[in-house]
Amino acid sequence: MKKTTVIWLAAAACLVLAGGAIFCLTMAANHWDFNQLNSNKMETKTIDITENFQNISIHSDTEAIEFRPSDDGKCRVVCLEREKETHTATVLGDMLTIERLDSRNWYDHLSLFFFGNPAITVYLPQPEYASLLIEEDTGDISIPKDFAFDSIDMSLSTGDVDCRASSSGLLRVKTSTGDIYLEGLSAGELDLTVSTGRVSVQSVVCEGNAGINVSIGKTNLTDVSCKSISSYGSTGDFFLKNVFASEMISIERSTGDVRFEQCDAGEMTVFTDTGDVTGSLLSAKVFIAYSDTGKIDVPETTSGGKCRITTDTGDIRIEIINR
């Protein structure tokens, strides 16, 4: 190895050791509190809302969003925010609008140390509102059962949604990466879409149609009733327990099992490329079942609505039970 190369390597090693020593001394002086390195400190800001409104619109980026009932009959928006990433909450007409303002310069994005997660908590004095619209980039959304809306529309890129609030009209949730969880609510119509994540719907009454599309992930429906259910997906199992559709259940999967447990519908269509279709139904059906390489075991009933089940690689086993 050349002498100049050895000198440069030694100099680089000395610089690394010196930097490490300075870092350790600095952290020791701050009692090893890594929050002291945070280049954009977190602050809590409360915005009191005095005007009346019936519609809510939220546009955010990385904030977790949560709704809570107000304990004093007043509306307020509490934001946990960074110094240069603030929020506004204003009422115009009949709409409460909450938005994020980003005043960072380009060099503010170069920091290696960001601690704390931004959050928006909305305290609402009334139990019922007209519309709720949320457009989110990365962050979780939580809506408790204390509230009801005429319509709910939520879209986000990465994050989980936990919704227990009812919607007399459309309840739509769309996320690229994240889970959707609905429980104990009623809706006029459901439209749930996930690219990568799970969908869990429990104890839900839907007056109209329920559309559930999952590209990659499992779907679980328990104690659900609606007019019809349609679901399309690529990879993931589909489990239904005590699910009732007055008209149609239609499920399509490329890879994944479909299982029914004490379910029923006027008519049913199930297609899976690689996966089994099994379980129990509550009323007789006229079965039209086909599998390329799997076994087929279905009742030889001749009455009831049509039940078409098709698999390329998978077994088909269905029984009819009386409760």
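Data block above holds the structure.
All figures in this text were calculated on a predicted structure; none of them were measured in a lab.

**Some remarks on the side chain of Ser-70**
- Secondary-structure assignment places Ser-70 in the loop between β3 (64-69) and β4 (75-82).
- Classification of Ser-70 by relative accessible area gives buried; the value is 15%.
- At a separation of 3.4 Å, a polar atom in the side chain of Ser-70 contacts the main-chain amide nitrogen of Gly-73.

**A short note on empty space enclosed by the protein**
- Taken as a whole and assessed by the stated rule, the structure comprises 1 cavity of 30 Å³ or more.
- Of the pockets and cavities examined, the largest cavity occupies roughly 30 Å³.
- Tallied by class, the residues present in the lining of the largest cavity amount to 1 nonpolar, 2 polar and 5 charged.

**Topic: unusual backbone geometry**
- With a phi close to 55°, Asn-242 is a non-glycine residue in the positive phi region.
- Examined against the element boundaries, Asn-242 turns out to sit in strand β17 (residues 238-255).
- Classification of Asn-242 by relative accessible area gives buried; the value is 18%.
- You will see that Gln-262, though not glycine, has its phi angle at about 55°, which is positive.
- Tracing the backbone shows Gln-262 in strand β18 (residues 258-274).
- Overall, Gln-262 belongs to the partly exposed group, its relative accessible area being 25%.

**A look at the packing of aromatic side chains**
- Counted according to the given criterion, the structure contains 2 aromatic pairs.
- Consider the rings of Phe-53 and Tyr-129, whose centres lie 5.6 Å apart with planes at 15°: the pair is stacked. Here the residue Phe-53 occupies a position in the loop between β1 (42-49) and β2 (55-59), and Tyr-129 occupies one in strand β8 (residues 128-138), the gap between them amounting to 76 residues.
- In this structure Phe-53 comes out as buried when scored by relative accessible area, which is 5%.
- Put simply, the rings of Phe-53, Tyr-129 and Phe-149 touch in pairs and so form one group of aromatic residues.
- Residue placement shows Arg-76 over the ring face of Tyr-123; its charged tip is 4.2 Å from the ring centre.

**Quick notes on the nonpolar core**
- Counting residues in hydrophobic clusters, the biggest one holds 69 residues, and the most contacted among them are Phe-67, Cys-163, Leu-182 and Phe-260.
- The dominant element in this core, judged by the number of residues it contributes, is strand β13 (residues 180-196), at 7 residues.
- Apart from the residues within four sequence positions on either side, Phe-260 is in contact with Leu-240, Ile-249, Ile-251, Met-268, Val-270, Val-277, Thr-278, Gly-279, Ser-280, Leu-281 and Ile-318.

Definitions and cut-offs
- Residues numbered from 1 in each chain as written.
- Predicted model: local features only at pLDDT ≥ 70, side-chain atom pairs only at ≥ 80, totals over all residues.
- Heavy atoms only, no water.
- Helix = DSSP H or I, 4+ residues; strand = E, 2+ residues; numbered from the N terminus.
- Buried < 20%, exposed > 50% of the residue type's maximum accessible area, 1.4 Å probe, protein only.
- Polar contact = N/O pair within 3.5 Å; in protein donor to acceptor, adjacent residues only side chain to side chain.
- 1 Å grid on protein atoms, 1.4 Å probe; cavity = no way out; pocket = protein on both sides within 12 Å on 5 of 7 lines; lining within 4 Å.
- Points joined across faces, edges and corners; volume = space filled by probe spheres on them.
- Nonpolar A, V, L, I, M, F, W, Y, C, P; charged D, E, K, R; others polar.
- Phe/Tyr/Trp six-rings, centres within 6.5 Å; stacked < 30°, edge-to-face > 60°.
- Lys NZ or Arg CZ within 6 Å of the ring centre and 35° of its normal.
- Core = buried A, V, L, I, M, F, W, Y, C linked by side-chain atoms within 4.5 Å.
- Contact = heavy atoms within 4.5 Å.

This is a description of form; function is not addressed.
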